[in-house]
Amino acid sequence: TAPTLATRLPAHPTPTTVPRTHTMSAITMTSVVTPVAKVGAVGRVARHQMGATPVKFGKGNGTRVTMMSRWKGMDEDISDDQQDIARGRGMVDSKFQGGFGLGGTANAVMSSSDYISDGFKDLSNMTDEGFYISEAFLDKMTVHIAKNFMGIPKVKVPLILGVWGGKGQGKTFQSDLIFKKLGVSPIVMSAGELESGNAGEPAKLIRQRYREASDIIKKGRMSTLFINDLDAGAGRMGGSTQYTVNNQMVNATLMNLADNPTNVQLPGQYQVEEIPRVPIIATGNDFSTLYAPLIRDGRMEKFYWSPTFEDRVGVACGIFKADNVNEQDVEVLVRTFDGQSIDFFGALRARVYDDKVREWVKEVGQANIGKFLINPSRDKGKVTFDTPAMSLEILLSYGKALEMEQENVKRVQLADSYLDGAVLAGNSGSSNTDQSMVAGRSNRSQQGGGVNSN
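Analysis parameters
Residue positions are counted from 1 within each chain, in the order its sequence is given. With pLDDT at 70 or above as the cut-off, local features in this predicted model cover only qualifying residues; side-chain atom pairs require 80 or more to be listed or tallied, and sums for whole chains, interfaces and linings still use all residues. The basis for every side-chain value is the complete set of non-hydrogen atoms in the structure, without hydrogens or water. The way it works is that DSSP assigns letters per residue, a run of H or I at least four long becomes a helix, a run of E at least two long becomes a strand, and they are numbered from the N terminus. Working definition: with a 1.4 Å probe on protein chains only, accessible area under 20% of the residue-type maximum means buried, over 50% means exposed, and in between means partly exposed. Exposure was quantified through the Shrake-Rupley algorithm and a 1.4 Å probe, taking into account, for residues, occlusion by the shown protein chains and nothing else. Take the residue count of a helix, subtract one, and multiply by 1.5 Å to get its expected span. Fitted lines through C-alpha atoms serve as axes, helices being fitted only where they are in contact, and the angles separating the N-to-C directions of these axes extend from 0 to 180 degrees. Here is the rule for angles: anything less than 35 degrees is roughly parallel, anything more than 145 is roughly antiparallel, 65 through 115 is roughly perpendicular, and the remaining ranges are oblique. Note on convention: the crossing is left-handed when the near helix lies turned anticlockwise from the far helix by less than a right angle, right-handed when the turn is clockwise. Any pair of residues with heavy atoms lying within 4.5 Å of one another is described as a contacting pair. Three classes are used, and their members are as follows: Ala, Val, Leu, Ile, Met, Phe, Trp, Tyr, Cys and Pro are nonpolar, Asp, Glu, Lys and Arg are charged, and the others, Gly among them, are polar. Within this scheme the basic residues Lys and Arg register as positive and the acidic residues Asp and Glu register as negative, but His and the chain ends are omitted. The salt bridge criterion pairs a side-chain nitrogen of Lys or Arg with a carboxyl oxygen of Asp or Glu, the two atoms within 4 Å. Any pair of nitrogen or oxygen atoms within 3.5 Å is treated as a polar contact; in protein, a donor-acceptor pairing is required on top of that, and neighbouring residues in sequence qualify only through side-chain atoms on both sides. In short, DSSP must find at least two bridges between two strands for them to pair.

What about the overall build of the chain?
Then, number 1: A tally of helices and strands in the chain yields 16 helices and nine strands.
Then, number 2: Counting across all 454 residues of the chain, residues that qualify as buried make up 29%.
Then, number 3: A total accessible area of about 29100 Å² is found for the chain, and carbon and sulfur atoms account for 54% of it.

Observations regarding helix 6 (residues 201–218)
Then, number 1: Compared with the 26 Å implied by 1.5 Å per residue over 18 residues, the 26 Å span of helix 6 between its first and last C-alpha is a close match.
Then, number 2: Buried within helix 6 are the following residues: Pro202, Ala203, Leu205, Ile206, Arg207, Arg209, Tyr210, Arg211, Ala213, Ser214, Ile216 and Ile217.
Then, number 3: Just downstream of helix 6, Gly220 is the residue with a positive phi angle, here 100°.

So, the packing of helix 4 (residues 135–150) against helix 5 (residues 171–182)
Each pair of packed helices can be described by the angle between their axes along with the distance between the axes.
Then, number 1: Contact geometry of helix 4 with helix 5 gives a least axis separation of 10 Å together with a crossing angle of 55°. It follows from the interaxial angle that helix 4 and helix 5 lie oblique. For the crossing formed where helix 4 meets helix 5, the hand is right-handed. Contact with helix 4, carried on its side by Phe137, Leu138, Met141, Thr142 and Ile145, involves Lys171, Gln174, Ser175, Ile178, Phe179, Lys181 and Leu182 of helix 5 and no other residues of that element.

Some words on the packing of helix 9 (residues 309–319) against helix 10 (residues 327–336)
Then, number 1: Between helix 9 and helix 10, whose axes approach to 9 Å, the crossing angle comes to 125°. The pairing of helix 9 with helix 10 is recorded here as oblique in orientation. Where helix 9 crosses over helix 10, the two elements pack in a sense that is right-handed. Residues Phe309, Arg312, Val313, Ala316 and Cys317 of helix 9 pack against Glu327, Val330, Glu331, Val334 and Arg335 of helix 10.
Then, number 2: Here the contact of helix 9 with helix 10 is composed, by residue class, of six nonpolar, no polar and four charged.

Structural notes on unusual backbone geometry
Most peptide bonds take the trans form, and the phi angle of most residues other than glycine is negative.
Then, number 1: Backbone geometry at Asp229 places phi at a positive 55°, although glycine is not the residue there.
Then, number 2: Mapping Asp229 onto the fold places it in the loop between strand 7 (225–227) and helix 7 (230–234).
Then, number 3: Positioned with a positive phi, Asn324 is a non-glycine residue whose angle comes to about 60°.
Then, number 4: Mapped onto the fold, Asn324 is located in the loop between helix 9 and helix 10.
Then, number 5: A residue is classified by how much of its surface remains accessible, and Asn324, at 72% relative accessible area, is exposed.

Topic: the side chain of Arg312
Then, number 1: In this structure, Arg312 sits in helix 9.
Then, number 2: No salt bridge is formed by the buried Arg312. Its closest oppositely charged neighbour is Asp338, at 4.6 Å.
Then, number 3: Here Gln340 takes part through its backbone oxygen, which lies 2.8 Å from a polar atom of the side chain of Arg312.
Then, number 4: Every residue in contact with Arg312, bar those within four places of it in the chain, is listed here: Gln169, Pro307, Val334, Phe337, Asp338, Gln340, Ser341, Ile342 and Phe345.

A few points about the sheet that holds strand 7
Then, number 1: Here we have five strands laid out as an open sheet, ordered 6-7-8-5-9, and parallel in their pairing. Because the sheet does not close on itself, it has two edges, and the strands there are strand 6 (187–189) and strand 9 (300–305). Across the sheet, the axes of successive neighbouring strands diverge by a mean angle of 20°, strand direction being ignored.
Then, number 2: Looking at chain direction, strand 5 (residues 160–165) and strand 8 (residues 280–284) are connected through five bridges and run parallel. Paired with Trp164 across the strands is Gly284, a residue of strand 8.
Then, number 3: Along the sheet, helix 6 contacts strand 6, strand 7 and strand 8; its crossing angle with strand 6, the most-contacted strand, is approximately 165°.

None of this, on its own, says anything about what the molecule does.
Structure below.
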């Protein structure tokens, strides 16, 4: 009879794992040698016998490091399935893929930018050097954020901090500076997102943004839900403001978040899943327009932001720091325009650049400014000009001009003339303002008379 396969093969002892010790740079590494079959053996050699098992090294401190296999690219692939689909286009025969064109399975449903929240505000490129932060503002926000993350037992900490005050006092900018200082990555909403043509969309969006902030906290970073101008989106501005279903649901959703900050579910998802608590910070001008149960003390902590003279001087010094305006001149400006908001000084600084812009327009020509401003060619380059001089006299003169424009808005109220009593051309039958009519009379008198149009 023919000899069996066992009789034809030479007798070998059972392969065993033999540890070997190598000394390299005073670090002892133990490698595991995998059994390998003889080349002359009869039959096919299994893949696992050719050294495919990853080699492990011990560093001597209890940890073990596994070497990458020959599929290194897949071992290191930490991307998502959508990007894998885009990379695999054309590598698989079309009969194994469903659909063609844009609807085919070879096209990614989502791009990488779709994974980034629309509400996430990146403050990493924001500089806080030279900008003033109010101590009272910093203290209030720091304590509120810290209390919400501490989890003090048997203490009901309000989830919402409402920062309210006059227009243009720097509430949002102060908040951004404080977020940068504390290392907070905020998820931001604006008042325009609190209303929609679809009922329930704003309330759903609030829950989504809240959970996005909660996901950031899960990854080890502090985050907050920051809502700008809450009263403008959810408040009632007089009896003429229409109160919609979305207004009701926004108020109700914020109340529910304040009562159950760790159990926030999206529509259609009803499983109980505890998520990290997220502090909510909202700004506004008048929180008395909001739903009264929302702003009660157990749900919202209120902070009235009215900057002191020192606060106003500190913020203004940061505005004019790049222009080398000394602190004494800034104090004179703040005292002169005492009734103005803080953003008035930012507008004042921008107005000083008007003369330089006019000089540049005159130099290149009004018909050619588009070639320099929109996608300029390489030979034209970026528009540059010297920084204008900002002396106290220049700043005071431009400040007076800004105040005059404000007074004109208050004094010349054309809407009253046009709408009250259905007067179509003003009270006197003319569409000209009083100032333009006076200027026209003076011009005609200088020319030696004319027809009196009044």
